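Commentary on secondary and tertiary structure
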Amino acid sequence: MVDRKNPKAYQTRRITFSACHRLHSPFLDDAENEKVYGKCNHINGHGHNYIVKVTLFGEIDPKTGMILNMTELKKYMEQAIMKPMDHKNLDKDVEYFKSRPSTTENLTVFIWTQMKDIMENPELLYEVEIYETENNIVRYRGE
């Protein structure tokens, strides 16, 4: 029998949202943007059905048997992800992307920051993982 006084575990919740964007950097001219981003730089943008996984890491509470109640994690994710971005134009509707390209890399940083700002115990946040497509995946751990 394993006796661990304060065992730790990872806890992940998945959520999906739909949004459109145009990959376009304010730091590049139009020709450079087209060269770097190709078809994703189309003037009218394009959309994705993003899959976001938020992972926590922490001690399992001996009383509840949980790191964090999944209902609480769901509320945080609704506030940090769904409310500001679902069915929105990331470049026009989300202030964060008005000054930087709306790449999946920057999207992970945005969600990380949003989660940290609203969580009661932000030290539990371990990773934000986004599937832009089934083949394009970005993870961020606050580094």
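Predicted model, so just to flag it, every value in this text is computed and none were measured.

**With respect to the layout of surface pockets**
In this structure, the largest pocket spans a volume of roughly 230 Å³. Along its surface, the largest pocket is lined by 14 residues, and R22, H24, N89, D91 and K92 are the ones closest to its centre. Partitioning the lining of the largest pocket into residue classes produces three nonpolar, six polar and five charged.

**A look at the side chain of D91**
Among the structural elements, D91 can be located in helix α3 (residues 90–93). No salt bridge is formed by the buried D91, whose closest oppositely charged neighbour, R22, lies at an N-O distance of 7.0 Å. A polar contact is formed between the side chain of D91 and the backbone nitrogen of R22, at a distance of 2.6 Å. With near-sequence residues (within four places) excluded, D91 lies in contact with H21, R22, F97, K98 and S102.

**Quick word on the UniProt feature "active site" (unreviewed entry) in the protein chain**
As annotated by UniProt and renumbered to match this structure, "active site" (unreviewed entry) occupies C40, H87 and E132. Relative to the elements of secondary structure, C40 occurs in the loop between α1 (30–37) and β2 (46–59). Under the relative-accessibility criterion, C40 is labelled partly exposed at 23%. Among all residues touching C40, those that are not within four sequence positions of it are R22, L23 and H46. Examined against the element boundaries, H87 turns out to sit in the loop between α2 (70–85) and β3 (88–89).

Thresholds, definitions, all that
- Here the residue index of a chain counts from 1 through its sequence in written order.
- In keeping with the model being predicted, local features are shown solely for residues with a pLDDT of at least 70 and side-chain atom pairs are shown and tallied solely at 80 or more, while totals for entire chains, interfaces and linings include all residues.
- Neither water nor hydrogens contribute to the side-chain values; these are computed over all heavy atoms in the structure.
- Put simply, the grid is 1 Å and covers the protein atoms alone, a cavity is a trapped set of points that fit a 1.4 Å probe, a pocket is an open set with protein on both sides within 12 Å along at least five of seven lines, and lining residues have an atom within 4 Å of a point.
- Grid points are joined across faces, edges and corners, and a volume is the space filled by probe spheres set on the points.
- Each residue is assigned to one class: nonpolar for Ala, Val, Leu, Ile, Met, Phe, Trp, Tyr, Cys and Pro, charged for Asp, Glu, Lys and Arg, and polar for all the others, Gly among them.
- Helix and strand definitions here come from DSSP, where helices need a minimum of 4 consecutive H or I residues and strands a minimum of 2 consecutive E residues; each element is numbered from the N-terminal end.
- Between buried and exposed lies partly exposed: a residue is buried under 20% and exposed over 50% of the maximum accessible area for its type, with that area taken using a 1.4 Å probe on protein chains only.
- Just so you know, the count uses Lys and Arg for positive and Asp and Glu for negative, and it drops His and the chain ends.
- Here, a salt bridge means any Lys or Arg side-chain nitrogen found within 4 Å of an Asp or Glu carboxyl oxygen.
- Whenever two N or O atoms come within 3.5 Å, that pair is a polar contact, provided that in protein one can donate a hydrogen and the other can accept it, and provided that, for residues adjacent in sequence, both atoms are side-chain atoms.
- Contact definition: two residues touch when any of their heavy atoms are within 4.5 Å.
- UniProt positions are given in the numbering used here, feature names are shortened, and annotations may be inferred rather than shown by experiment.

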